Each structure stands twice: as structure tokens, then as C-alpha cells.
Amino acid sequence: LGFDIFPNDTTIHSRNVKILKRIKQLDLPITTHCQVASFECDPNDVSNKTLINFAHPKKWWDLFKANTSLHDLRINFAHFGGEEGVASVLNWNDEFPEQEGDYSPVENLNQHSWTYWIIKLIKTYPNAYADISAFDFTDKKAVASLAWLLVRDKRGKYNDLGQYKLLAKLMWGSDVPMILSDHGTYKKLFDASYAALDFRNFETGDYWKPSNNLLPDRDKLFERLMNTNPVKFLFG
């Protein structure tokens, strides 16, 4: 959180790689904060913009490209770019909709979104995952975007970004204890996400959803998010 994983300084870069190689040797799963939100610091020390740039997933992409020995590192990119990244990764046709209030996503992904680079990472590298904890499930655009990502990825629309499927790489949460005070109880937090990921019945307002027959079954999706994928991430 708030450090440069791929700095220009070759000495620091070598140190980072050495640490990550040792983590891989110990077979430890790690989580890195990968969301624009949550960066606060003393402006007299280092700017928030600098910290945000440190954590950009493109930094990890460049690191892996430069160090093939790290390709099988077990790493979780929290939090799939956040709801802001998920909402912005799809280029929504919201300027000139066919009908007022009907916003549909175009095919191409927005490469300026953090979520785009996280998608590339988790689809390319075998042990790379992303969690959707700290996700605002009241954000209708973000929930609709997540539905489209899962459906289109399953149908092979993003095969050019990597061989692995998003359904096999997403997890429900990692930092829930740190935000629990904002939600009251685990059950309240769980219920909010469980309701939203019932895409068929969740109201996304003006944002179109994929056809019901294409949407993932909620219980099977949660089995992936809360059991199958976290077990693979944590234990290999």
C-alpha cells in the first residue's frame, strides 16, 4: 500500500524482486491494494497522486513483464479496481442512448481504467487473483458492469487479454474486518453483495444488463467467489 513496486531506481527494483522471489519460495499468498480510493497522506511528504501512481496495476504488469521468474507469484489485486474502476472499464453508450435512460455498453474496454489492467493480470498469470471486497454494491452502474464483464468473458470476448476466465479468478473479500464498522455486521455486508450478485433480480436502473439466460447463477457464482477461488489463492 503506497509503495512503488516498479521504480526507476534499479537498486530498489532489485530489492523488490528479491523480496517477491523469497515470498514465492515460501509459497505465501500476498495481497496488494489496487484501488484508487483509500490513499491519504501528508501532502508535505508525498502527494496522493504519487501514491496512487505507485499502486497502479500497470506497475505490476511492467514488473512481471521484466521478471519472468515472478509469473507464478500468488497475488491478489484488491479490489478489482473498486466500483469506480469496474464502472469505468466498460465504455457505456450514455451520451446518445437509443431511448432516454437506456445505457448500453460497447464492446471495447477502457484501457485507462485500473480494472482493465487487473483483468489483463489475472487472465494472463496463473496465480493472480482479484477480490471485490470494499465494493459498493449500491452502485448500479458498477454492478451492471460486473455482470457484463462476467458474461462477455465467459463467451470469449476477452480471450485476447489472457487465457484464464474471470469466474475462476475473482474472490469475495480480503479486507472486510477493516471496513466492518461502516456496515455493522458481516451478515449485512454479505447480504448486500448477495442481493446485488443476483443479477437477474437486481435493479440496475438505466444501465442495461445481459439477457437473463446469459447471467451466471448466483449460488454457483458465490461458490466460486467464497470457496473455490479463495482456496486456490490461499493454498495453491
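What counts as what
- Residues numbered from 1 in each chain as written.
- Predicted model: local features only at pLDDT ≥ 70, side-chain atom pairs only at ≥ 80, totals over all residues.
- Heavy atoms only, no water.
- Core = buried A, V, L, I, M, F, W, Y, C linked by side-chain atoms within 4.5 Å.
- Buried < 20%, exposed > 50% of the residue type's maximum accessible area, 1.4 Å probe, protein only.
- Helix = DSSP H or I, 4+ residues; strand = E, 2+ residues; numbered from the N terminus.
- Contact = heavy atoms within 4.5 Å.
- Axes fitted to C-alpha atoms, helices over the stretch in contact; angles between N-to-C directions.
- Parallel < 35°, antiparallel > 145°, perpendicular 65-115°, else oblique.
- Nonpolar A, V, L, I, M, F, W, Y, C, P; charged D, E, K, R; others polar.
- Salt bridge = Lys/Arg side-chain N within 4 Å of Asp/Glu carboxyl O.

Details of the nonpolar core
For step 1, the next point in the chain: Judged by nonpolar contacts, the single largest core of 60 residues is most densely connected at Trp 60, Phe 64, Phe 77, Phe 80 and Leu 149.
For step 2, the next point in the chain: Counting residues per element, this core draws most heavily on helix α6 (residues 140-154), at nine residues.
For step 3, the next point in the chain: Not counting the four nearest positions on each side in its chain, Leu 149 is found in contact with Phe 80, Val 86, Val 89, Leu 90, Leu 109, Ile 119, Tyr 158 and Leu 166.

Points about the packing of helix α4 (residues 82-89) against helix α5 (residues 114-124)
Relative placement of two packed helices is described by the angle separating their axes and the distance separating the axes.
For step 1, the next point in the chain: Look at α4 against α5: their axes get within 7 Å of each other, and the N-to-C directions meet at 85°. One way to sum up the angle between α4 and α5 is to call them roughly perpendicular. In this structure, α4 contributes Gly 82, Gly 85, Val 86 and Val 89 to the contact, and α5 contributes Thr 115, Tyr 116 and Ile 119.
For step 2, the next point in the chain: For the contact of α4 with α5, the per-class residue count stands at four nonpolar, three polar and no charged.

Let's talk about the pattern of salt bridges
For step 1, the next point in the chain: Within this structure, the stated rule accounts for eight salt bridges.
For step 2, the next point in the chain: Here Lys 58 and Asp 62 are joined by a salt bridge, their closest N and O atoms 2.9 Å apart. With Lys 58 and Asp 62 both in helix α3 (residues 57-66), this residue pair falls four residues apart, about one helical turn.
For step 3, the next point in the chain: Overall, the relative accessible area of 23% leaves Asp 62 in the partly exposed class.
For step 4, the next point in the chain: Note that Asp 153 and Lys 123 form a salt bridge whose closest N and O atoms lie 2.7 Å from each other. Taken as a pair, Asp 153 in helix α6 and Lys 123 in helix α5 lie far apart in primary sequence, 30 residues in all. Side by side, Asp 153 and Lys 123 carry an identical accessibility label, which is buried.

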